[in-house]
Amino acid sequence: MSLVRCLSFLSIQWTGILLGSIPKTIAAESPNILQLVDPLIGSNNGGNVFAGASRPYGMAKPVADVDGQNTGGFSTDGSKVTGFSTLHDSGTGGNPSLGNFPLFPQYCPDNEINNCRFLKAARATHYANDSVVARPGYFALALDGGIRAEMTSTDHAALYRFNFPVATSANGSQLSPLILLDLTDLWDSRQNASISVNVGKGQIKANGTFLPSFGAGSYVSYFCADFVGASVDDGGIWVNNRGGTERTELYVTRGFNNFYLQAGGFLRFRRPENGTINARVGVSFISPEKACRNAQTEIPHPLEDFEEVRRDTETAWRKQLSPISIKSGGADEDILSSFWSGVYRTMLDPQDLTGENPLWESDEPYFDSFYCIWDSFRAQHPFLTIIDPETQSKMVRSLLDTYKHENWLPDCRMSLCKGWTQGGSNADVVLADAFVKNLTGIDWNLAYEAMVNNAENEPLEWSYEGRGGLQSWKRVNYIPYLDFDYLGFGTNSRSISRTVEYSYNDLCLSTVGKALHKEEYTKYLGRASNWQNIYKSDQTSSINGTDTGFVGFFQPRYLNGTWGYQDPIACSALASWCSLTSNPSETFESSVWEYQFYVPHDMASLIDLLGGSDAFVSRLDFFHTSGLADMGNEPVFLTVYQYHYAGRPALSARRAHSYIPSRFNSTNSGLPGNDDSGAMGAFAVFSMMGLFPNPGQNVYLIIAPFFEAVSITHPITNKTATIRNINFDKTYRAIYIQSAKLNGEDYSKNWIGHEFFTEGMTLELVLGETESDWGRGEDDLPPSLRSKAHGQDMARSW
C-alpha cells in the first residue's frame, strides 16, 4: 500500500498510530485521521493528482515537478525531478497546468558557474523512491546525490527546506550550494518574463505571462522568494546553459519563430553547518509586491516557522474533514484510506483566489480552477454542498460574479482564463443543485438571469462560454449534425452530447424558474424533452462485426431532419479517443452507448423508449461488462446507479462494488483516469457513503455504505445524519438492502432528499446476500419528468 511505503522516510516525524492500529470509529477531528489520507493515490497511471502540500482550496501548492506524468507536477512514475514550484492544479487533463517559476537546488562541479546544470533537461534528476513523503500540508523527497527537499504551505505562500550534504571538489575544497529559478512553467508556455536578483537581501522576484493549460487568453503570475539560513556568496542570471554574476536583471520574450529561450536567475550560498537553506516563496496574480507581502504576512519567520506552518495546515485539514465520522466495522484499511483521501482531494480545487483577481474589483468571493465543471458538477460540487456548504455557496457566488463582469457563466476556468466548453452550459446544473438544496447567501434572481442568458443568447465564441447552435436548438429542437450556425463560432461537433446536455441544462433552468414564479419556466420544461429528437429507433450496434442485439440509439441528425451516422461504439474504450482537439466527433470524450443513458431528469421515459425495465437493465449490464463503460471519465458516473430507476437498486450496489476497489483503491495507480479536481474522489466517496447524487435534483440514490456506519454533521444546522448498516459484512457478500427504516419508520423508497443531511436523519439498512424486494415498487423509484406528467407527486423540483 502506497501510504505505508511512504512512511519509511522521515517516519520519526510522524507520531501516533500506524494504519495497523486504526480505531473502530474514526472521526475526522482525531489527531490521527490524516494518516489515512494518502496524497499519492492517483499519482501514477494518469490520475494526475496534486501530491504536494496545500491548505483547503489553497492557492499555494508546492511540490516537486517531474519530466514524466507532470500534469499535477509530481508523479510516482519513476521520472526525474526538474524543479520545485508553488502553483499547481490537481487531477486535470489537457496540458500540464501552472508549475510557474520552479526552483532547483544543486552543486556545480568545482564551483564553476559554467559547470552548473541550468537547462530543464540537463538538471533533471531522479529521486529516491523510498524517500517520498506526502501528507496533507507536507511533501518531501531526496534527489539522487543526497540533496533533500521538504515543503509546506499557507494559502498564498510556501516554505521550502533544502538540505545539502557536504560535498567537495576534486581538490578537496567544499562546494557551494546553488539554487536557481527558471522563468518557465510546466508546459513551457511562457510568452515573456522578467527576473530581478537581489544578492544583498538574498531575494529573487519574477513575473511572467503564460498560457492557460485548457483555454484561451493568457495570464500574468508573480513570484517572490527570500532565502534564509545561509550567507549568500553571489548571484546573477542565466541564459540557455550559461550563467554569470555580471547582471542581476533579465527580460525574455518567446523569441524568434517561437524559439523558447530558457533563462532565469540564481543565488549561490556558503553551506551552513546544518546544510539547510530555507526558501520562503510568495505567489500572486496581482504584483510582485503582493507576492512578497503574501509571504511576509503568512510566514513572518521563514527560518523558524516550518513546523508551525505545517501544524496549522494539518489543523485546517482536520477541520475540513470534521463533519464526517466513520464506524469502520472492520472494513479494510485500503478502503478507509481510499475514502478519506477522496474526501481530501475534493478540496484542493477550485482554489480560493479572493483578493488575487486582477480582472475586476468586487466584494464577492473569487474562485478559480473550475477545471472543468463538465467533470465536477456530477459529484464533487454535490459533495461539497453536504460537507462544506459555506464554501460551495461562495463558489456559486463566484460563478455569478464572473457572469456579472464577463457576461457569461464559466463552464471551465483556470489561471484567470476562460476554459474550453466541453458539453452544455453545466454551471446551470451547479446552480440548480445549490438551489434545490437551499444553499444560502446567493442572489437567485441573478442566477436565473445568468441561466436564461445561457439558454437564449449565443456568444460569438461559444468555444469557451455559453452555448452554440441556439438558433437551431429553438427551431428544430436539437443540435444538428454539421449545423448551419453563423451567429457564433466553436468546434462544430458534439451534436449528440450537446443535445442531451442542453436538454438537462434547460430542465435545471425550468426548476429554478418555476420556484421563482417565472412564467417562462414552461418553455424550458418543454425543451427538456429535446433529447428524444435524436433517438433513432432502428439503429443497431455491433462490436467487431457481432451484433450486440440492442436496437435504438442516439444518432446525429442533419438540419433537414435526415439522419447522419456515428458508430455507437466510436469514442468508447473499445475504439478511439475523441476530444475537442483529437478526433472530434458527435459525442464528447464518450460514446453513443454512454450518452444513451444521459437523461438524468426523465429516466422513466428513457426506460420506456429502450423497451422497459428488463430491457434497460440488460442494456446497462452489457454496457458495464463489455468494455464500453469508461470508468476513467465522468459521464459514466450516474450509469453505475441508474438501475435504481428500473427498480433494481441491488444491481447498483453490485455494480459499485465491481469498481471499488478494483478501479478505485489506495495504490499510486488507484484511479481509473484523471481525478479532475476531485471528481473521481467524490465518486468513490459517495459510493462508499451509500448515497449517490443525481445533481441538479434533490435526489440521492441509496445503496449500503462500505462501512458499518457513516455520520455527517451538517456544518450549518449542526445536526448529524447517520446511515447505519445492520448485519454489516466486511467481506461485502451481504451488500443488498433487505429493508430500511428512516428515523425508526419503515422506508421503502430507494432514494432520499437533501433534508436527510440538513435535518439530521438516521437511515438504518438491514443487509443480506441476495436481492430483495426493497426499493422495487413503482412508488419507490426516484422522480422522473414523466412521473410528474402522469400526476405522481414525485418530482418536487418540477
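About the thresholds
Residues numbered from 1 in each chain as written. Predicted model: local features only at pLDDT ≥ 70, side-chain atom pairs only at ≥ 80, totals over all residues. Heavy atoms only, no water. Helix = DSSP H or I, 4+ residues; strand = E, 2+ residues; numbered from the N terminus. Rg over C-alpha atoms; globule rule 2.2 N^0.38 Å. Buried < 20%, exposed > 50% of the residue type's maximum accessible area, 1.4 Å probe, protein only. Contact = heavy atoms within 4.5 Å. Areas by Shrake-Rupley, 256 points an atom, 1.4 Å probe, with all protein chains shown as cover. Lys, Arg positive; Asp, Glu negative; His and termini not counted. Charge placed at Lys NZ, Arg CZ, Asp CG, Glu CD. Pairing = 2+ DSSP bridges. Patch = residues over 30% accessible without salt bridge, like charges linked within 9 Å, V, L, I, M, F, W, Y side chains within 5 Å. Salt bridge = Lys/Arg side-chain N within 4 Å of Asp/Glu carboxyl O. Domains from an automatic or database assignment. Buried area = accessible area lost by both parts, 1.4 Å probe. Polar contact = N/O pair within 3.5 Å; in protein donor to acceptor, adjacent residues only side chain to side chain. Axes fitted to C-alpha atoms, helices over the stretch in contact; angles between N-to-C directions. Core = buried A, V, L, I, M, F, W, Y, C linked by side-chain atoms within 4.5 Å. Disulfide = S-S within 2.5 Å.

A.B. asks: How do you make sense of the overall build of the protein when you look at a structure like this?
C.D. replies: Of regular secondary structure, the protein possesses 20 helices and 33 strands. Expected size for 798 residues packed as a compact globule is a radius of gyration near 28 Å; at 27 Å, the protein falls within 12% of this value. Taken over the C-alpha atoms alone, the protein extends approximately 85 × 60 × 55 Å along its principal axes. Looking at the 798 residues of the protein, the share that counts as buried comes to 65%. Contacts in the protein between residues far apart in sequence, at least 24 positions, make up 69% of those at least 6 positions apart. Accessible surface, the protein: about 26,200 Å² in total, of which carbon and sulfur atoms supply 47%. In the protein, 62 positive and 87 negative side-chain charges are present, and the distance between their average locations comes to 1 Å.

A.B. asks: I tried to follow the sheet that holds strand 26 (residues 691–693) on my own but got confused; where do I start?
C.D. replies: Spatially, the three strands line up as an open sheet ordered 26-27-32, and their pairing is antiparallel. One side of each edge strand has no neighbouring strand; the edge strands of this open sheet are strand 26 and strand 32 (751–752). As defined by bridge partners, strand 27 (residues 700–702) adjoins strand 32 across two bridges and the pair is classed as antiparallel. Across the sheet, residue Tyr-700 finds its bridge partner in strand 32, namely Ile-752.

A.B. asks: Would you mind going over the pairing of strand 16 (residues 249–253) with me for this structure?
C.D. replies: Looking along a regular strand, one sees the side chains alternate between the two faces of the sheet. Side chains Leu-250 and Val-252 of strand 16 all project onto a buried face; the interleaved residues Glu-249, Tyr-251 and Thr-253 project onto a face where none is buried. In this structure, strand 10 (residues 192–198) lies alongside strand 16, joined through five bridges in antiparallel fashion. Across the sheet, Ser-194 pairs through a bridge with Tyr-251, a residue of strand 16.

A.B. asks: Looking at this structure, I do not really get a nonpolar patch on the surface. What am I missing?
C.D. replies: A grouping of Phe-484, Tyr-486 and Leu-487 is seen on the molecular surface, where their side chains present a nonpolar patch of about 340 Å² in accessible area. Within the fold, Phe-484 resides in the loop between helix 11 (470–475) and helix 12 (495–515).

A.B. asks: How do you make sense of the environment of Thr-71 when you look at a structure like this?
C.D. replies: Checked against the element boundaries, Thr-71 lands in the loop between strand 2 (63–66) and strand 3 (81–85). Residue classification places Thr-71 among the buried positions, given a relative accessible area of 10%. Excluding its chain neighbours within four sequence positions, the residues that come into contact with Thr-71 are Asn-48, Asp-89, Thr-92, Gly-93, Asn-95, Pro-96, Ser-97 and Leu-186.

A.B. asks: Explain the domain arrangement of the protein here, please?
C.D. replies: Per the domain assignment, the segments making up the protein are domain 1 (36–319) and domain 2 (323–768). Here domain 1 and domain 2 have C-alpha centroids that lie 36 Å from each other. Taken residue by residue, the interface counts 51 residues in domain 1 and 50 residues in domain 2. Both sides together, the interface formed by domain 1 and domain 2 hides about 3,800 Å², and carbon and sulfur atoms give 57% of it. Among the residues of domain 1 in contact with domain 2, Ile-41, Tyr-57 and Phe-214 are the three that bury the most area, contributing 25% of the side total. Along the contact surface separating domain 1 from domain 2 lie one salt bridge. Summed over the shared surface of domain 1 and domain 2, the number is 29 residue pairs in polar contact (both at pLDDT 80 or more).

A.B. asks: What's the story with the sheet that holds strand 7 (residues 148–153) in this structure? I'm lost.
C.D. replies: As a general point, the strands of a sheet are linked pairwise by backbone hydrogen bonds and lie either parallel or antiparallel. Judged by pairing direction, the sheet is antiparallel, and its nine strands sit side by side in the order 5-6-7-8-18-13-11-10-16 without closing on themselves. Edge positions in the sheet fall to strand 5 (133–135) and strand 16, since each of these pairs with one other strand and no more. The average undirected angle you get between the axes of adjacent strands in this sheet is 15 degrees. In this structure, strand 5 lies alongside strand 6 (residues 138–142), joined through three bridges in antiparallel fashion. Note that in strand 6 the partner of Arg-135 across the bridge is Tyr-138. Sheet strands touched by helix 3 (residues 288–298): strand 8 (157–163), strand 11 (203–210), strand 13 (219–228) and strand 18 (276–284). Its angle to strand 18, the strand with the most contacts, is close to 125 degrees. Packing against the sheet, helix 4 (residues 306–321) makes contact with strand 5, strand 6, strand 7 and strand 8, and its axis sits at approximately 50 degrees to strand 7.

A.B. asks: Sorry, what's going on with the environment of His-714 here?
C.D. replies: Structurally, His-714 is set in the loop between strand 28 (709–713) and strand 29 (720–726). For His-714, a relative accessible area of 5% puts it in the buried group. Filtering out sequence-adjacent residues up to four positions away, His-714 remains in contact with Ile-386, Pro-389, Lys-719, His-754, Phe-757 and Thr-758.

A.B. asks: Teacher, can you tell me more about the nonpolar core here?
C.D. replies: Grouped burial of nonpolar side chains is what soluble globular proteins tend to show. Of all hydrophobic cores here, the largest spans 155 residues; its most connected members are Phe-339, Trp-340 and Phe-756. Of the residues forming this core, the biggest block, nine residues, is contributed by helix 18 (residues 679–689). Looking at this core, you find at least three residues from each of domain 1 (36–319) and domain 2 (323–768). Tyr-107, Ile-147, Phe-223 and Phe-227 belong to the second-largest nonpolar core, a separate cluster that totals 70 residues.

A.B. asks: Any chance you could explain helix 3 here in plain terms?
C.D. replies: Because each turn of an α-helix spans 3.6 residues, side chains separated by three or four positions end up pointing in the same direction. Every buried residue of helix 3 is listed here: Pro-288, Lys-290, Ala-291, Cys-292, Asn-294 and Ala-295. Of the surrounding secondary structure, the elements contacted by the buried residues of helix 3 are strand 8, strand 11, strand 13 and strand 18.

A.B. asks: Sorry, what's going on with the state of the cysteines here?
C.D. replies: Linking two cysteines covalently via their sulfur atoms produces the bond known as a disulfide. Taken as a whole, this structure holds four disulfides when the rule is applied. Put simply, Cys-108 and Cys-116 are joined by a disulfide, and their sulfur atoms are 1.9 Å apart. Because the torsion about its S-S bond is 105 degrees, the bridge between Cys-108 and Cys-116 counts as right-handed. Across the pair, Cys-116 and Cys-108 agree in class, each one buried. Indicated for the protein is the disulfide connectivity 1-2, 3-4, 5-6, 7-8, based on numbering the bonded cysteines in sequence order. Looking at Cys-417, it has no disulfide partner, and the nearest cysteine sulfur is the one in Cys-412, 11 Å off. Cysteine Cys-508 is unpaired, with the sulfur of Cys-372 as its nearest cysteine sulfur at 18 Å. A residue is classified by how much of its surface remains accessible, and Cys-508, at 0% relative accessible area, is buried.

A.B. asks: I keep staring at the environment of Ala-51 and nothing clicks. Help me out?
C.D. replies: Relative to the helices and strands, Ala-51 resides in the loop between strand 1 (25–27) and strand 2. Residue classification places Ala-51 among the buried positions, given a relative accessible area of 0%. Distance in space between the C-alpha atoms of Ala-51 and Ser-618 is 40 Å, their sequence separation being 567 residues.

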